Amino acid sequence: MSPRRGGWLIFATLLVAMLASVVHLPASVPDWVGHLRPDWIVAVLFYWSFAASERTGLVEAWLLGFVVDVLVGDPLGLNGACMAGAVFSGHVLHERIRLYSVLQRAGVALGVLLLAALVREVARVLALGTTPSYWFLAAPGVTALLFPLLALALAALRRRFPVR
């Protein structure tokens, strides 16, 4: 990512998404609220994969996933695979997604986020021996509800600071 072509903006938004993903909730908040935490990183990465498809790549997504694995304590490569899948789907569908309305983009994002969450849950059950739960479906739903606002904010940033 070349800084002169807007790579710094993509990096900055992904950094903010990573920070938002690891912020701890206050102790007074019930435990079940943690399951409703949006998956900011995959949502931001998916946005950039179709909005600036030539500026995001699978290698960057995979490396970012390794950093996220270390941050949240997941098995190495798990988030990299999920993020690479999100970027791949954004790359494959970018011409079509650019024609969609914001709500249709949220529907596509919901599908991508659900698939990533399913892969994550199956891998955690197999690798860590955890008990499967349906709570993994909550975060993609919340993220899809917030995706139109996120996409509008990122589009405004993209117009203000051109990403070429």
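Rules behind the numbers
- Residues numbered from 1 in each chain as written.
- Predicted model: local features only at pLDDT ≥ 70, side-chain atom pairs only at ≥ 80, totals over all residues.
- Heavy atoms only, no water.
- Axes fitted to C-alpha atoms, helices over the stretch in contact; angles between N-to-C directions.
- Helix = DSSP H or I, 4+ residues; strand = E, 2+ residues; numbered from the N terminus.
- Parallel < 35°, antiparallel > 145°, perpendicular 65-115°, else oblique.
- Left-handed = near helix turned anticlockwise from the far one by under 90°.
- Contact = heavy atoms within 4.5 Å.
- Nonpolar A, V, L, I, M, F, W, Y, C, P; charged D, E, K, R; others polar.
- Core = buried A, V, L, I, M, F, W, Y, C linked by side-chain atoms within 4.5 Å.
- Buried < 20%, exposed > 50% of the residue type's maximum accessible area, 1.4 Å probe, protein only.
- Phe/Tyr/Trp six-rings, centres within 6.5 Å; stacked < 30°, edge-to-face > 60°.

Asks: Could you clarify how one ought to interpret the packing of helix H4 (residues 78-97) against helix H5 (residues 102-128) in this entry?
Replies: Relative orientation and spacing of two packed helices are given, respectively, by the angle between their axes and the distance between those axes. With their axes 10 Å apart at the nearest point, H4 and H5 run at an angle of 160° to one another. Overall, the two elements H4 and H5 adopt an arrangement that is roughly antiparallel. As H4 packs across H5, the resulting crossing turns out to be right-handed. Of H5, the residues touching H4 (which contributes Leu-78, Asn-79, Cys-82, Ala-86, Ser-89 and Ile-97) are Arg-105, Val-108, Val-112, Ala-116, Val-119, Arg-120, Ala-123 and Arg-124. In terms of residue class, the contact of H4 with H5 is built from 9 nonpolar, 2 polar and 3 charged.

Asks: Mind showing me how you'd approach the nonpolar core here?
Replies: Burial of nonpolar side chains together is a common tendency in soluble globular proteins. Residues Tyr-47, Trp-48, Met-83 and Phe-147 are the most contacted members of the largest nonpolar core, which totals 33 residues. Mapped by element, the contributors of at least two residues to this core are helix H1 (7-22), helix H2 (40-51), helix H3 (58-72), H4, H5 and helix H6 (138-160). Broken down by element, this core gets its largest block of residues, 10 residues, from H2. Excluding anything up to four places from it in sequence, Tyr-47 contacts Phe-147, Ala-151, Leu-154, Ala-155 and Arg-158.

Asks: Mind showing me how you'd approach the packing of aromatic side chains here?
Replies: Describing an aromatic ring pair means giving the distance of the ring centres and the angle of the ring planes. Under the criterion given, the structure shown has 6 aromatic pairs. Where Phe-46 meets Phe-147, the ring centres are 6.2 Å apart and the plane angle is 50°; that geometry is what we call tilted. Pair noted here: Phe-46 is in helix H2 and Phe-147 is in helix H6, with a separation of 101 residues, a long-range link. Each member of the pair Phe-46 and Phe-147 is classed as buried. An angle of 75° between the planes, with centres 5.3 Å apart, marks the rings of Tyr-47 and Phe-50 as edge-to-face. In this pair, Tyr-47 and Phe-50 are both assigned in helix H2, 3 residues apart and thus about one turn of the helix distant. Relative accessible area serves as the criterion here: at 1%, Phe-50 is assigned to the buried category. Here the aromatic cluster, defined as three or more aromatic residues joined through ring pairs, consists of Phe-46, Tyr-47, Trp-48, Phe-50 and Phe-147.

Note that all results are geometric; they support no functional claim without further evidence.
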